[in-house]
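An overview of the molecular structure
Residues per chain, in single letters:
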2 protein chains.
Amino acid sequence: MNNNSTFKEKLRLSGLRPTKQRIEICKFLFNRRDTFHFTVGELSKILRKKNSEKISLATIYNTVHSFKKKGYLKEISINSDKSYFDTNTSDHHHFLDVNTNQLIDLKNNEVRKVSIKKKIPGKKIKSIEVLVKIENDN
Amino acid sequence: MNNNSTFKEKLRLSGLRPTKQRIEICKFLFNRRDTFHFTVGELSKILRKKNSEKISLATIYNTVHSFKKKGYLKEISINSDKSYFDTNTSDHHHFLDVNTNQLIDLKNNEVRKVSIKKKIPGKKIKSIEVLVKIENDN
DNA sequence: ACACTACTTTAGAATCATTATAAAGTAAGT
DNA sequence: ACTTACTTTATAATGATTCTAAAGTAGTGT
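Residues numbered from 1 in each chain as written. Chains lettered and ligands numbered in written order. Predicted model: local features only at pLDDT ≥ 70, side-chain atom pairs only at ≥ 80, totals over all residues. Heavy atoms only, no water.

Structural notes on the protein's contact with DNA strand C
Taken together, 21 residues sit near DNA strand C, with Arg12 and Tyr61 of chain A together with Thr19, Gln21 and Thr59 of chain B positioned nearest. Protein-proximal atoms of DNA strand C, defined as those within 4 Å of the protein, fall in sugar or phosphate at a share of 77%. Threonine 19 of chain B is positioned such that a nitrogen or oxygen atom in its side chain is 2.4 Å from a phosphate oxygen of DNA strand C. At the level of elements, helix H4 (57-70) of chain A together with helix H2 (20-30) and helix H4 (57-70) of chain B are the ones that each hand at least two residues to the surface near DNA strand C. When its residues are assigned to classes, the surface near DNA strand C shows six nonpolar, eight polar and seven charged. (Near = heavy atom within 4 Å. Polar contact = N/O pair within 3.5 Å; in protein donor to acceptor, adjacent residues only side chain to side chain. Helix = DSSP H or I, 4+ residues; strand = E, 2+ residues; numbered from the N terminus. Nonpolar A, V, L, I, M, F, W, Y, C, P; charged D, E, K, R; others polar.)

As structure tokens, this is what we get:
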């Protein structure tokens, strides 16, 4: 995803109507080179400052969930009262700095391939997520 | 931890007064061979059925947090609106069955050692948690 | 046993993220 | 333009967790 008309097209192709709210959110989330980690609350605050017209919190929740369902966002499993999302939907892992609560991407080649030796009958592996908690090195 | 007097002693040694609520909770959580995964809400319901005298929800929250702080329980990082705890405090990982929402322990020798190639200056690794999501194998 | 203090338990209120509701707005097709 | 289905929105509802502050209890010293 890159510019307004591309966003419109992408949204339409995904079966999502290209509303101005969705396009605003796309522009903010996907016009960037680096990955971006956020909670819905944070995203809402940032967009409120950035934009003249306010997008309601409910819409941001709806949109983030739609985007996740369509595969444009990934939800990150850390233990928290809030849900974290990631604009990097590729197969990758995370550092979580427990002192600052900051998330940092770990590229796939920075973690040696995790191999699982156990099998559960009738089940297949859907994803493997590695969370590396780091702390100040005193 | 094994029986009542051992629990009392352990609690005292940890700097926690051996109240009857804490001993009840110890008995339920730690008198078992297999690991047990639970949320505070679930634990509360089970104890309410099991025991004659009710333990208040606030106490169960307090106790679970104390036990976690003392290292008798581990909190599991899955993305959920609830917090999951594990009686297995050893270094190990988890399967999460996304169809049933069930957690299954993965022994350490069932996952090939995860090696992290990236370093963050001034930070050290505190823990490495692997969550393997599994689903029905249709 | 008694008294004192610090730690615990408790019910209920408060908080906070998230989801539901239902009314008003808007995109897309006819 | 008209209609329909999808969206947005403010607000209410929900549900897990934490807070509060009053009553209870363990541990210590007398």
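With respect to the interface of chain B and chain A
By convention, interface size is frequently given as the accessible area that disappears when the constituent parts associate. In this complex, chain B contributes 44 residues to the contact, which on the side of chain A involves 44 residues. Around 3900 Å² of area is buried between chain B and chain A when both sides are counted, 51% of it from carbon and sulfur atoms. When the area that chain B buries against chain A is broken down by residue, the three leading residues are Arg112, Lys123 and Lys124 of chain B, summing to 17%. Applying the counting criterion to the chain B and chain A interface returns four salt bridges. Between lysine 123 of chain B and aspartate 97 of chain A there is a salt bridge whose closest N-O contact spans 2.6 Å. Where chain B meets chain A, there are 30 residue pairs in polar contact (both at pLDDT 80 or more). Counting only elements with at least two residues in the side of chain B that touches chain A, the list comes to strand S2 (74-76), strand S4 (93-97), strand S5 (102-106) and strand S6 (123-136) of chain B. The greatest single-element share of the side of chain B that touches chain A, amounting to 14 residues, is contributed by S6 of chain B. Tallied by class, residues from the side of chain B that touches chain A come to 17 nonpolar, 12 polar and 15 charged. (Contact = heavy atoms within 4.5 Å. Buried area = accessible area lost by both parts, 1.4 Å probe. Salt bridge = Lys/Arg side-chain N within 4 Å of Asp/Glu carboxyl O.)

Thoughts on the domain arrangement of chain A
All names here are of chain A. Entries for chain A in the domain assignment read domain 1 (4-84) and domain 2 (90-134). Just the C-alpha atoms count here: the centres of domain 1 and domain 2 sit 24 Å apart. Across the contact, seven residues belong to domain 1 and 11 residues belong to domain 2. Together, the buried faces of domain 1 and domain 2 total about 760 Å²; carbon and sulfur atoms form 56% of this surface. The largest contributions to the domain 1 side of the interface with domain 2 come from His37, Lys74 and Ile78, which together make up 55% of the buried area. Here domain 1 is connected to domain 2 by zero salt bridges. If you look at where domain 1 meets domain 2, you find six residue pairs in polar contact (both at pLDDT 80 or more). (Domains from an automatic or database assignment.)

Topic: the protein's contact with DNA strand D
In the neighbourhood of DNA strand D, 21 residues make up the surrounding shell, with Thr19 and Gln21 of chain A together with Arg12, Tyr61 and Ser83 of chain B lying closest. Of all atoms in DNA strand D that approach within 4 Å of the protein, 77% are sugar or phosphate atoms. Between DNA strand D and threonine 19 of chain A, the relevant distance is 2.4 Å, taken from a phosphate oxygen to a side-chain nitrogen or oxygen of the residue. One nitrogen or oxygen atom from the side chain of arginine 22 of chain A is found 3.1 Å from a phosphate oxygen belonging to DNA strand D. Those elements that provide at least two residues to the surface near DNA strand D are helix H2 (20-30) and H4 of chain A together with H4 of chain B. Tallied by class, the residues present in the surface near DNA strand D amount to six nonpolar, eight polar and seven charged.

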